[in-house]
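Below are the chains, spelled out letter by letter.
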Amino acid sequence: MKEKVENLDWNNLGFEYHDLPYDFEAKYKDGEWQPGELTTRSSVELSVAAEVLHYGQEVFEGLKAYRRKDGKINLFRPELNAERMVDSAERMMMVPYPVDAFVDAVKQVVKANEEFVPPYGTGASLYLRPFMIGTSSVVGVTPATDYTFHIYATPVGAYVNGLNPSPYTVSEYDRASYAGTGQAKTSGNYASSLFSSAKAHQEGYADCLFLDPREHKYVDEFGGANFFGITKEGQFVTPKSESILPSITKRSLLQLAKDQGLDPVERPVPFDEVDQFAEAGAMGTAAVISPVGSLTYEGKKHVFYSETEAGPVTTKLYNELVGIQYGDRPDPYNWTQTVD
Ligand SMILES: *Cc1c(COP(=O)(O)O)cnc(C)c1O
């Protein structure tokens, strides 16, 4: 059922689906992308033999639209989501959706659902979920010939509980294999992370960190967020790995760290070295930064800055990035664009 704007409590939104008036959809058939359009249909009809249902040909993205103080709406680096979806699609043997068409479609969906972009000052935003699936009927394992590109939007609250640290554990399982699909934003990586996450939750942790799938020696990332640590010497360290997703939040924080006088470093991070970090966090669009209060592995618990309070460097970087996203701070990088 379609959501009614008067039923939403902007200050208490979670991270849940609300069925909004408009989605966007485009189809690939007969060897080309057909013109896409806004639609009031928020479901997809599939053959029982559809590729995506059996062989998992799916890629997705996640980005947000932010209500500014002046009432306008900001998007944050949407072209990077579009480009990453092209990369993910190529890895999954899918026909990429063109970058310009992606950004245009995102703007159309935001505009069409404008009344659902939460008010400035609530910390909430409009989350956009572009995705693409292989739809042709197949029995043998072969890439699809038909695809559907679709975007839905849903209002979401400030993820989790603001900038409060949470306890994390380390998974004994992998989310992506060595030389596998870890760099692609594809459903299969999430399917394989569910077991580890559920186990972490059962044990009282917010989530789990994955180690590199070849040796289980280096820090990789969380199921849906990259890892960073800040050394006492002022280095902003984030893992370089072939099996992690290139986070746009990470790329943005590396730049901000540099301009705040920190030393941004991307390198393999042996798990043994996490002890050296004065602060640590998880980075991704949903929460921007989730401070890592502690990390427990093989019975040993490492506490970072504090288990109850975010560290000063983390807080500064978070405020800077969120300030740019909502248009409260200058954007010398031209990362934001308004939806007109
Ligand atoms: C989406 C995602 C991230 C975060 O990427 P952002 O572009 O910062 O939102 C990190 N890790 C994984 C596995 C992801 O799927």
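Naming follows an unreviewed UniProt entry, where the protein appears as Branched-chain-amino-acid aminotransferase of Weissella paramesenteroides ATCC 33313. Under the Sequence similarities (unreviewed entry) heading, UniProt states for the protein: "Belongs to the class-IV pyridoxal-phosphate-dependent aminotransferase family." The Cofactor (unreviewed entry) field of the UniProt record for the protein holds the comment "pyridoxal 5'-phosphate".

Student: Can you break down the packing of helix α5 (residues 248–259) against helix α6 (residues 312–325) residue by residue, with the values?
Tutor: Their axes nearest at 10 Å, the elements α5 and α6 cross at an angle of 115 degrees. Classified by the interaxial angle, the pair formed by α5 and α6 is roughly perpendicular. Of the two elements, α5 crosses α6, and the hand of that crossing is right-handed. Mapping the contact onto sequence places Thr249, Ser252, Leu253, Leu256 and Ala257 in α5 and Leu317, Glu320, Leu321 and Ile324 in α6.

Student: Mind laying out the site of the ligand, listing which residues take part and the relevant values?
Tutor: In the vicinity of the ligand there are 15 residues, among which Lys185, Tyr190, Glu221, Ser247 and Thr285 approach most closely. In this structure, Lys185 approaches the ligand through a side-chain N or O atom, which is 2.7 Å from an oxygen atom. Here an oxygen atom of the ligand and a side-chain polar atom of Thr285 are 2.6 Å apart. When the ligand is considered free in solution it has 380 Å² of accessible area, and contact with the protein chains removes 97% of it.

Cut-offs and rules
Residues numbered from 1 in each chain as written. Predicted model: local features only at pLDDT ≥ 70, side-chain atom pairs only at ≥ 80, totals over all residues. Heavy atoms only, no water. UniProt positions renumbered as here; feature names shortened; annotations may be inferred. Axes fitted to C-alpha atoms, helices over the stretch in contact; angles between N-to-C directions. Helix = DSSP H or I, 4+ residues; strand = E, 2+ residues; numbered from the N terminus. Parallel < 35°, antiparallel > 145°, perpendicular 65-115°, else oblique. Left-handed = near helix turned anticlockwise from the far one by under 90°. Contact = heavy atoms within 4.5 Å. Near = heavy atom within 4 Å. Polar contact = N/O pair within 3.5 Å; in protein donor to acceptor, adjacent residues only side chain to side chain. Areas by Shrake-Rupley, 256 points an atom, 1.4 Å probe, with all protein chains shown as cover.

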